[in-house]
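Survey of secondary and tertiary structure
Okay, here's what each chain looks like letter by letter:
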Amino acid sequence: MIEKVLHHYTQYLLAGNFSDKTRTAYLSDLDQFFAFAAARCGFLEKEYLDLADVDSVTIRAFVQDLMAGGVGKRSVARKLSSIRSFYKFAVRENWVTESPALLVKSPKTTRNLPRFLFREHMDKLLEPNDMSPPEEEADTLKEDFVLWRERVIVELLYGSGLRVSELVSLDLGQIDLMNKLVRVTGKGRKERIIPVTDYAVSAVATYLEKREQMKMPLAAPASPLLLNLRGGRLTTQSVRRILNTCEQKAEIHQHVHPHMLRHTFATHLLDGGADLRSVQELLGHKNLSSTQIYTHLTTERLRQIFMKAHPRAKLDGDGRTN
């Protein structure tokens, strides 16, 4: 019966607003769990397992087995979330009367503060690159195209707080340069409209001019905003490599990844006085708790500034104030 319910659950995931990554993770976690449950019940294959064979004791044993095997608390919590989601579906579809997963607590995890760039580092990353052209005209066009594409990437990740997946999936029809807005499709295929900075508008406009000069594919509304040099859509991996190049040119000496610019976007907004709810909407967070971590970031930054600037913040080696 497990296989039958898993088949229906898979169809539910395919029909719902779940990303391919989420769907794959859920099914992989469930496959691992039910293989464990089948072995615990003495079955060679999970196909022989019945939903009635699984209870909260089985789920707790699975959690304990994972942790004993060195699996991190975050990964264990995610696997338990996958099991809860499955049983929530099973209860709703009347395959079971109640979920045994509700009686199992997730392991307590510590939430690390996301890394972000201070204003001085962000300014260095946004400094105009050397636009001096090479000798050959063809090389000049290519160089200009690449440099302005870099600028668009940084301006949209930092200026609008986009996820890298949202950035690379943007089509030309989704960015309104006249009204300075961009329409993105985020997690769960939910759309949101975000303001675009003047700097980003200028960068996109110049980039599109360079793209046209490069005789790239026709700039139709449904065509990708960001292209590689072959005329195809830029990938998330390519964006990461491009940011590594930007980081080296800016001599920041700090690894810059796409999500760091999103963290920086949120942190700088809160530093500038934006309210938490507005930042939540801009980021596309479902729950306010996901956004609240940035208040801890700004508090930590204030603490660092205080410790550095206040004459009585810390004692020197002789027990006296600095």
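Up top is the structure.
Just so it is clear, the structure is predicted and the values come from calculations on it, not from any experiment.

1. Side note on the packing of aromatic side chains
Summed over all chains, the structure comprises 11 aromatic pairs. Note on Phe 36 and Phe 62: the rings are 5.5 Å apart at their centroids and 55° apart in plane angle, and the pair reads as tilted. One end of the pair, Phe 36, is in helix 2 (residues 20-40); the other, Phe 62, is in helix 3 (residues 56-68), with 26 residues separating them in the sequence. With respect to burial, Phe 36 and Phe 62 carry one shared label: buried. Taking 5.5 Å as the distance between ring centres and 35° as the angle between the ring planes, the aromatic pair formed by Phe 145 and Tyr 207 counts as tilted. Linking Phe 145 in helix 6 (residues 137-159) with Tyr 207 in helix 8 (residues 198-213), this pair joins segments that are 62 residues apart in sequence. By relative accessible area, which is 0% here, Tyr 207 ends up buried. Put simply, the rings of Tyr 9, Tyr 12, Phe 33, Phe 34, Phe 36, Phe 62, Phe 86, Tyr 87 and Phe 89 pair up and form one aromatic cluster.

2. Considerations on helix 3
Taking 1.5 Å as the rise per residue, helix 3 with 13 residues should run 18 Å; its terminal C-alpha atoms sit 18 Å apart, in good agreement. Of all the residues in helix 3, the buried ones are Ser 56, Thr 58, Ile 59, Ala 61, Phe 62, Val 63 and Leu 66. Of the surrounding elements, those touching the buried residues of helix 3 are helix 2 and helix 4 (73-92). Between the side-chain oxygen at the start of helix 3 and the backbone nitrogen of Val 57 there is a gap of 3.2 Å, and the oxygen is on Asp 55. Positive phi appears at Gly 70, one or two residues downstream of helix 3, with a value of about 90°.

3. A look at the pattern of salt bridges
Under the criterion given, the structure shown has 10 salt bridges. Put simply, Lys 79 and Asp 29 hold a salt bridge, and the shortest N to O gap is 3.2 Å. Of this pair, Lys 79 sits in helix 4 while Asp 29 sits in helix 2, and the two are 50 residues apart along the sequence. Here Lys 79 matches Asp 29 in class, with each residue buried. For Lys 249, the salt bridge identified is with Glu 150, shortest N-O distance 2.9 Å. Here Lys 249 is found in helix 9 (residues 236-250), whereas its partner Glu 150 is found in helix 6, with 99 residues between them in sequence. Relative accessible area serves as the criterion here: at 6%, Glu 150 is assigned to the buried category. Linked by salt bridges that have partners in common, Asp 29, Arg 78 and Lys 79 make up one network.

4. Some words on the layout of surface pockets
Considering only enclosed or pocket space, the largest pocket measures out at about 2400 Å³ in volume. Surrounding the largest pocket, 49 residues form its lining, Ser 19, Thr 22, Arg 163, Lys 187 and Gly 188 being those nearest its centre. At 6 residues, helix 2 tops the list of elements feeding residues into the lining of the largest pocket. Broken down by class, the residue content of the lining of the largest pocket amounts to 10 nonpolar, 22 polar and 17 charged. In this structure, the second largest pocket encloses a volume near 330 Å³. Around the second largest pocket sit 14 residues that line it, and Leu 126, Glu 155, Tyr 158, Thr 197 and Tyr 199 are the ones nearest its centre. Taken together, the elements giving at least two residues each to the lining of the second largest pocket come down to helix 6, helix 8 and helix 10 (258-271). Per-element accounting of the lining of the second largest pocket gives the leading share, 5 residues, to helix 6. Residue composition of the lining of the second largest pocket, by class: 7 nonpolar, 5 polar and 2 charged.

5. Some remarks on the sheet that holds strand 3 (residues 191-195)
One key point about sheets: their strands pair by backbone hydrogen bonds, in either a parallel or an antiparallel sense. If you walk across this open sheet you meet the 3 strands as 1-2-3, and the pairing is antiparallel. Strands at the two margins of the open sheet, each flanked by one partner only, are strand 1 (175-176) and strand 3. Judged from the 2 bridges that link them, strand 1 and strand 2 (residues 181-185) form a sheet pairing that is antiparallel. Among the inter-strand pairings, Asp 176 is bridged to a residue of strand 2, identified as Leu 181.

6. Some words on unusual backbone geometry
Peptide bonds are, in most cases, trans, and in most cases residues other than glycine have a negative phi. The backbone of Lys 180 shows a phi angle near 60°, a positive value even though the residue is not glycine. Along the chain, Lys 180 falls in the loop between strand 1 and strand 2. A relative accessible area of 36% means that Lys 180 is categorised as partly exposed. The backbone phi angle of Lys 215 is positive, close to 55°, even though this residue is not glycine. Its location among the elements puts Lys 215 in the loop between helix 8 and helix 9. The class of Lys 215 is exposed, set by a relative accessible area of 75%.

Procedures and definitions
Residues numbered from 1 in each chain as written. Predicted model: local features only at pLDDT ≥ 70, side-chain atom pairs only at ≥ 80, totals over all residues. Heavy atoms only, no water. Phe/Tyr/Trp six-rings, centres within 6.5 Å; stacked < 30°, edge-to-face > 60°. Helix = DSSP H or I, 4+ residues; strand = E, 2+ residues; numbered from the N terminus. Buried < 20%, exposed > 50% of the residue type's maximum accessible area, 1.4 Å probe, protein only. Expected span 1.5 Å × (residues − 1). Contact = heavy atoms within 4.5 Å. Polar contact = N/O pair within 3.5 Å; in protein donor to acceptor, adjacent residues only side chain to side chain. Salt bridge = Lys/Arg side-chain N within 4 Å of Asp/Glu carboxyl O. 1 Å grid on protein atoms, 1.4 Å probe; cavity = no way out; pocket = protein on both sides within 12 Å on 5 of 7 lines; lining within 4 Å. Points joined across faces, edges and corners; volume = space filled by probe spheres on them. Nonpolar A, V, L, I, M, F, W, Y, C, P; charged D, E, K, R; others polar. Pairing = 2+ DSSP bridges.

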